[in-house]
Protein chains: 2
Amino acid sequence: LFSSVNGRSNATIDLADRGLAFGDGVFETLLLAQGKLPFLSLHLDRLQLGLDGLHIEACRQNIQDQVNQCLAQTSKQQFLNGIVKIIVTRGQGRGYLPQAQTEATILISAYPLPELQKNYQRDGVAICICQHRLSYQPALLGIKHLNRLDNVLAALELRDKNTVEGLILDDQGFVAEAVSRNLFTVKDGQLFTPDLLRGGIKGIMQGIVVEQLAPQLDLSVNTGRLTPQQVVNADEVFLCNSITGIWPVIRIDEQELSPGPVTQSLQVAAQKLSASLLENQ
Amino acid sequence: LFSSVNGRSNATIDLADRGLAFGDGVFETLLLAQGKLPFLSLHLDRLQLGLDGLHIEACRQNIQDQVNQCLAQTSKQQFLNGIVKIIVTRGQGRGYLPQAQTEATILISAYPLPELQKNYQRDGVAICICQHRLSYQPALLGIKHLNRLDNVLAALELRDKNTVEGLILDDQGFVAEAVSRNLFTVKDGQLFTPDLLRGGIKGIMQGIVVEQLAPQLDLSVNTGRLTPQQVVNADEVFLCNSITGIWPVIRIDEQELSPGPVTQSLQVAAQKLSASLLENQ
């Protein structure tokens, strides 16, 4: 529906772009709702962390300007709800060592939400535990970079197992995240979410739950390591991201779970927050 | 000088290609010499291993046909010496889970050799030991995939240290490879090269040294783990890849080394092999 490369609409990327050659860049996938991006500044913060971590220089204002250009275009087309994706790569160049004067490539695109995720918020989802484990790489911790084969290989297992999501373990066998979402458990009225110290991406919605929604509801949140058995034994389990919100988990492999009151109250709080962000933007 | 996407010359790749979005693909970088690709079949074998490992379906004959089309074009342009790069991605698609019917994207490009690597075969190179260590991911071992941030981050150190190559250690601190090359040491007349069981890519030239050149010269080759100290204490150290051949190492960080007779005899043998491959192709 919309795409731009360094501000030029419908431009294409060079075959020598380092994003394609090496996955040498970062990205963000943002919810477009009512023509607005309610979590834009949080996404830009995480993008900046990743750019710093990879030593890629790209001007935040420049990125934001190109996002605004995208919003202007999609609004004109009456495309108000969907996804806006930002990719920033280190730019063009051959060989692993970048040229010192390489200019970053900024790609903005907008496209519709996938169709199938309609009733998962209400009905919950069945998930599996993936066999594929996260790579261990301390230098890339927390960076939403373009080296995403871990998530792709885990996602391939969902097809075989006929589930819409799956938990990915870190190299030591602790639960880190789901393929496209973060994980929370509820046990004895307390929230728990993995600390992601050996892999996985700290989610925007995960941060909102921890820092805004849980305090609002007087829920305490613990972070740390979580075994698959601890997840299966939790009172409630839910997945979340900023695109599709909070999904209750109703089955993990063979183990049935019920959606519970804590998950439900967080869903209500998340919807209220989204509504107020959209109103005030 | 030449580029094609799925057989169409000067085509561009889609912004939704999974190669860009996730590094979801594999690649090979081939020496073009006298209008020929002396190691083509070895590269296609490794490419196929990677495609199988990532569960990407792409027809080898199709890839080979597009490489041949590239060679026909570059010959017409009298571009006879340089690099031909093959990238195969899983194709287009949004989200980590690929659509079942996704068609792979095959990208072929040809471009000149970098200028600066003229006298390294003769004079040797000074290298460093990089701080950045390889990711540990058993599921991707040996696959020359597009998730190459490890090599990029290690390469960034070369700029600061002003060396043309650097050794990368695996997560356990053993020497795995160099940024764009494989490593051999010579000690007491025997060759040693890392077994790459925790990361790194088995090189085409590394394989040729082990399987063809060393036996020709009655040299035994051992593989296994190698500490940085063992490398520094070796009688001779050399790096190799199929583009730039064998480079003697003359300094590692502060430690001076001398190019030696074993490295030199392997260089002669490699040049003879290349010449005979080019003659018989």
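How each quantity is defined
- Residues numbered from 1 in each chain as written.
- Chains lettered and ligands numbered in written order.
- Predicted model: local features only at pLDDT ≥ 70, side-chain atom pairs only at ≥ 80, totals over all residues.
- Heavy atoms only, no water.
- Helix = DSSP H or I, 4+ residues; strand = E, 2+ residues; numbered from the N terminus.
- Rg over C-alpha atoms; globule rule 2.2 N^0.38 Å.
- Buried < 20%, exposed > 50% of the residue type's maximum accessible area, 1.4 Å probe, protein only.
- Contact = heavy atoms within 4.5 Å.
- Lys, Arg positive; Asp, Glu negative; His and termini not counted.
- Charge placed at Lys NZ, Arg CZ, Asp CG, Glu CD.
- Expected span 1.5 Å × (residues − 1).
- Buried area = accessible area lost by both parts, 1.4 Å probe.
- Salt bridge = Lys/Arg side-chain N within 4 Å of Asp/Glu carboxyl O.
- Polar contact = N/O pair within 3.5 Å; in protein donor to acceptor, adjacent residues only side chain to side chain.
- Core = buried A, V, L, I, M, F, W, Y, C linked by side-chain atoms within 4.5 Å.
- Pairing = 2+ DSSP bridges.
- Axes fitted to C-alpha atoms, helices over the stretch in contact; angles between N-to-C directions.

Undergrad: Where do I start with the overall build of chain A in this structure?
TA: Within chain A, the secondary structure is distributed over 8 helices and 14 strands. A globule of 281 residues ought to have a C-alpha radius of gyration of about 19 Å, and chain A, at 19 Å, matches this closely. The buried share of chain A, taken over its 281 residues, is 59%. For chain A, contacts bridging at least 24 residues in sequence account for 72% of all contacts bridging at least 6. Charge-centre separation for chain A: the mean point of 23 positive side chains lies 4 Å from the mean point of 28 negative side chains.

Undergrad: Any chance you could explain helix α8 (residues 261-280) of chain B here in plain terms?
TA: Every α-helix carries 3.6 residues per turn, so stepping three or four residues along brings you back to the same face. Residues and elements named next belong to chain B. Between its first and last C-alpha atoms α8 spans 29 Å; for 20 residues at 1.5 Å apiece the expected length is 28 Å, and the two agree. Residues V262, T263, L266, Q267, A269, A270, L273, S274 and L278 constitute the buried set of α8. Of the surrounding secondary structure, the elements contacted by the buried residues of α8 are α4 (120-123), β9 (182-187), β10 (190-194), α6 (204-216), β12 (236-241) and β13 (245-252).

Undergrad: What should I look at first to understand the interface of chain B and chain A in this one?
TA: How big an interface is tends to be stated in terms of the accessible area lost upon association of its parts. Facing the 51 residues of chain B at the interface are 52 residues of chain A. For the pair chain B and chain A, the summed buried surface comes to about 4200 Å²; carbon and sulfur atoms form 68% of the total. Applying the counting rule to chain B against chain A returns 0 salt bridges. The interface formed by chain B and chain A contains 21 residue pairs in polar contact (both at pLDDT 80 or more). Of all the elements in the fold, those that place two or more residues in the side of chain B that touches chain A are β1 (2-5), α1 (18-22), β4 (82-89), β5 (105-111), β6 (125-133) and α5 (149-161) of chain B. The leading source of residues in the side of chain B that touches chain A is α5 of chain B, at 8 residues.

Undergrad: Can you walk me through the pattern of salt bridges in this structure?
TA: Close approach of charged atoms allows side chains with opposite charge to pair. Residue and element names in this part refer to chain A. Applying the stated criterion to the full structure yields 16 salt bridges over all chains. A salt bridge links R90 to D24, with the nearest nitrogen and oxygen atoms 2.6 Å apart. In this pair, R90 is assigned in the loop between β4 (82-89) and β5 (105-111) and D24 in the loop between α1 (18-22) and β3 (25-32), connecting sequence segments 66 residues apart. Since its relative accessible area comes to 0%, D24 is described here as buried. The residue R60 makes a salt bridge to D45 at a minimum N-O spacing of 2.8 Å. Pair noted here: R60 is in helix α3 (residues 60-76) and D45 is in helix α2 (residues 40-54), with a separation of 15 residues, a long-range link.

Undergrad: What's the story with the environment of A33 of chain A in this structure? I'm lost.
TA: Residues and elements named next belong to chain A. Within the secondary structure, A33 is located in the loop between β3 and α2. Accessibility expressed as a relative area gives 10% for A33, which makes it buried. A33 sits 47 residues away from L80 along the chain, and the two C-alpha atoms are 6.0 Å apart. Beyond its immediate chain neighbours, meaning those up to four positions away, A33 contacts L80, N81 and L278.

Undergrad: What is the right way to read the nonpolar core from this model?
TA: Here is a general trend for soluble globular proteins: nonpolar side chains tend to be buried in one another's company. Counting 104 residues, the largest nonpolar core has I63, I86 and V88 of chain A together with I63, I86 and V88 of chain B as its most contacted members. If near-sequence neighbours (up to four positions away) are discounted, I63 of chain B is found in contact with L44, L47, L51, A58, I86, V88 and I106 of chain B. Counting residues in hydrophobic clusters, the runner-up holds 25 residues, among them L31, A214, C240 and I243 of chain A.

Undergrad: Please explain the sheet that holds β4 of chain B as it appears in this structure.
TA: Hydrogen bonds between backbone groups are what pair the strands of a sheet, and the pairing can be parallel or antiparallel. All names here are of chain B. With antiparallel pairing, the 5 strands of this open sheet are ordered in space as β2-β1-β5-β4-β3. Each edge of the sheet is formed by a strand with only one pairing partner; in this case those strands are β2 (8-9) and β3 (25-32). Bridge count for β1 against β5 is 4 bridges, and the pairing is antiparallel. If you follow S4 over to β5, its bridge partner there is I108. Sitting on the sheet, helix α2 (residues 40-54) is in contact with β3 and β4, with an inclination near 175° to β3.

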